[in-house]
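Chain and residue survey
Now for the letters of each chain:
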Amino acid sequence: IPEILEVRGEIFMLKSDFLALNERNKKEGKQTFANPRNAAAGGVRQLDPEITRSRPLSFIAYGWGEVKPRLFKTQKDASDLLGEWGFKNRYEVKLLSNISGLDIFYHEIEKSRATLPFDIDGIVFKINRLDYQERLGQVARAPRWAIARKFPAEKATTTLKAIEIQVGRTGALTPVAKLKPVTVGGVTVAKASLHNADEIERLGARVGDTVVIERAGDVIPKVIEVLSHSEKSEPFKFPNECPACGSLAVREGEDVVIRCTGGLICPAQRIERLRHFVSRTAFDIEGLGEKQVASFFKEDIVHSPADIFKLEAKNETLKLPIQEWDGWGELSVKNLFEAINQSRIISFERFLFALGIRHVGDSNAKLLARTYGTIESFLEAMKKAEDPESEAFLELMNVDGIGPKVAGTLVDFFREDHNQVVVRDLLGQVTVNPAKAVKTRTPISGQTIVFTGTMEKMSRMEAKAKAESMGAKVSGSVSAKTDLVVAGPGAGSKLKKATELGVRVIDEDDWIKLAKS
């Protein structure tokens, strides 16, 4: 076994264990669960480890993190070794050599799906060779060397009882179908997504209709068809006012989403932004989920992110009866304050993502953090970028992956006084670490590089990733600040501008030599 071994996999619940758990809970007068997925997920989210211990959870190993020394060169070798080391690591795993084999295997599993000891919604194909996996790399949410092929979603017919409008953290008004409860794939469904106003119009959905729903990926239910209208049904009128604050709701340009214009005066947006702020990929404050955030907001204790970090001091001075509220006790309150304090130090990209700025997901947050380095430099740049003719705004636009829409949203966000107050108060409570430094001792560290034309020996994404790993900044356009242009066949206006500005230009062969140096 390697000296360092980080094993990754999935926690789940076997069908037989799920049925036994529900039977036991029923006899003891406790809560029963709708499906194994919910029971397993709820089990690992418990603050009390004894509750987690009482759930019949299983673990299957299918991956790894840090391994030193690495003793395998293929996915299958790794799987075999995990099994030898004592990890349960397979039920249906097969090494295939061609595309037709993948298709045959998919249909074999689809036919035997009902007989498997656990629920699945599809299978995953992975490239076997690890050197190919490393070369293929990954995008923000998924690797390029693995792909999931889902089974057809299960469907059911029911009645559309009502259409309710929910307001998200960016002000988006999302219609939700309230349904007569119906079982789909072993799960009782009482609501489903209708996505937006255009989708309601396309479906012709009306309250009282008989509709078909499906669970996309066996998880998210949505309305896919209207079978018939009831005699009294009328076309649904999408509101032009926010149901939470009464502000005007409008559609911006070609956006399919209708949004509340109330911003942070809208209580729904404030709650949703707070929920986003404490979520796993943001500040990740354990024990402070959607229900708890809504409760603190309702009790007039937490209105902005900074209030979360003032909660313990406020509790001591005002003697808040938090431990007396439903779902709280002395231990859970103590654990919450500890979790909050552990979250006071955060990386630049997670801090930026946690602010919930429209169009700034985790990928764009990383790009911005890598470009500006520190939160102080970034905030100063955003202040200067309020002038669209400024050098600061041009630099923001030149960040590869940050287009006019994202740049405009960023500037608009930090221009607002109330947003500046939120950020300033928050920075008084937390420490934001600078972006992680990349390699600095390379021939291109600190330089700005532009790739143009066709890359024939490596993909554009490979080239970009390599340049960034060597400490360079990759830009989407050529300017006086560009240090190097890598031009492949078909290079056009960017190559011409580089020549005019006297920027150094090399071809792909020279780039590969440089990348290996």
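The structure presented is a predicted model; accordingly, all values stated were derived computationally and were not measured. (Residues numbered from 1 in each chain as written. Predicted model: local features only at pLDDT ≥ 70, side-chain atom pairs only at ≥ 80, totals over all residues. Heavy atoms only, no water.)

**Let's talk about the overall build of the protein chain**
A tally of helices and strands in the protein chain yields 21 helices and 17 strands. Projected onto its principal axes, the C-alpha coordinates of the protein chain cover approximately 75 × 60 × 55 Å. By the burial criterion, 40% of the 517 residues in the protein chain qualify as buried. Residue pairs at least 24 apart in sequence account for 62% of intrachain contacts in the protein chain once pairs closer than 6 positions are excluded. Total accessible area on the protein chain is roughly 29000 Å²; 51% of this is exposed by carbon and sulfur atoms. Once the 75 positive and 71 negative side-chain charges of the protein chain are each reduced to a mean point, those two points are 2 Å apart. (Helix = DSSP H or I, 4+ residues; strand = E, 2+ residues; numbered from the N terminus. Buried < 20%, exposed > 50% of the residue type's maximum accessible area, 1.4 Å probe, protein only. Contact = heavy atoms within 4.5 Å. Areas by Shrake-Rupley, 256 points an atom, 1.4 Å probe, with all protein chains shown as cover. Lys, Arg positive; Asp, Glu negative; His and termini not counted. Charge placed at Lys NZ, Arg CZ, Asp CG, Glu CD.)

**Topic: the side chain of Thr448**
Within the fold, Thr448 resides in strand β14 (residues 448-452). Here Thr448 falls in the buried class, since its relative accessible area comes to 14%.

**Quick look at the sheet that holds strand β16 (residues 484-487)**
Ordered in space as β15-β14-β16-β17, the four strands form an open sheet in which the pairing is parallel. Two strands bound the open sheet, and with one partner strand each, they are β15 (473-474) and β17 (504-506). Alignment of β16 against β17, held across three bridges, turns out to be parallel. Among the inter-strand pairings, Leu484 is bridged to a residue of β17, identified as Arg504. Sheet strands touched by helix α19 (residues 460-469): β14 and β15. Its angle to β14, the strand with the most contacts, is close to 170 degrees. (Pairing = 2+ DSSP bridges. Axes fitted to C-alpha atoms, helices over the stretch in contact; angles between N-to-C directions.)

**As for the pattern of salt bridges**
Across all of its chains, the model carries 19 salt bridges by this definition. The partner of Lys30 in a salt bridge is Glu28, and the shortest N-O contact between them spans 3.2 Å. The class of Glu28 is partly exposed, set by a relative accessible area of 45%. A salt bridge links Arg53 to Glu50; its shortest N-O distance comes to 3.2 Å. Taken together, the residues Arg53 and Glu50, both in helix α3 (residues 49-54) and three residues apart, mark about one turn of the helix. Residue classification places Arg53 among the exposed residues on the basis of a relative accessible area of 60%. Here the residues in one salt-bridge network are Glu391, Glu395 and Lys481, joined through shared partners. (Salt bridge = Lys/Arg side-chain N within 4 Å of Asp/Glu carboxyl O.)

**As for the packing of helix α17 (residues 404-415) against helix α18 (residues 417-427)**
Orientation of α17 relative to α18, taken along the N-to-C sense of each, is 80 degrees, at an axis distance of 5 Å. One way to sum up the angle between α17 and α18 is to call them roughly perpendicular. Within the contact between the two elements, α17 uses Phe413, Phe414 and Arg415 and α18 uses Asp417, Asn419, Gln420 and Val423. (Parallel < 35°, antiparallel > 145°, perpendicular 65-115°, else oblique.)

**Describing unusual backbone geometry**
With an omega of -10 degrees, the peptide bond running from Lys68 to Pro69 counts as cis. Within the chain, His195 stands out as a residue other than glycine whose phi angle is a positive 70 degrees. Among the structural elements, His195 can be located in the loop between β7 (187-193) and α7 (197-203). For His359, which is not glycine, the phi dihedral falls at a positive 75 degrees. Here His359 shows up in the loop between α13 (348-354) and α14 (362-372).

**Some words on the packing of aromatic side chains**
Evaluation of the coordinates by the stated rule reveals 13 aromatic pairs. Seen in terms of ring centroids, Tyr106 and Phe151 are 5.2 Å apart; in terms of plane orientation they differ by 35 degrees. Their pairing is tilted. Here the residue Tyr106 occupies a position in helix α5 (residues 99-112), and Phe151 occupies one in the loop between β4 (146-150) and β5 (155-167), the gap between them amounting to 45 residues. Judged by relative accessible area, Tyr106 falls into the buried class, the value being 5%. Owing to a relative accessible area of 5%, Phe151 belongs among the buried residues under this scheme. Ring-pair connections join several aromatic residues into one group, and the members of that group are Phe348, Tyr372, Phe378, Phe413 and Phe414. (Phe/Tyr/Trp six-rings, centres within 6.5 Å; stacked < 30°, edge-to-face > 60°.)

Any link to function would need more than the numbers given here.
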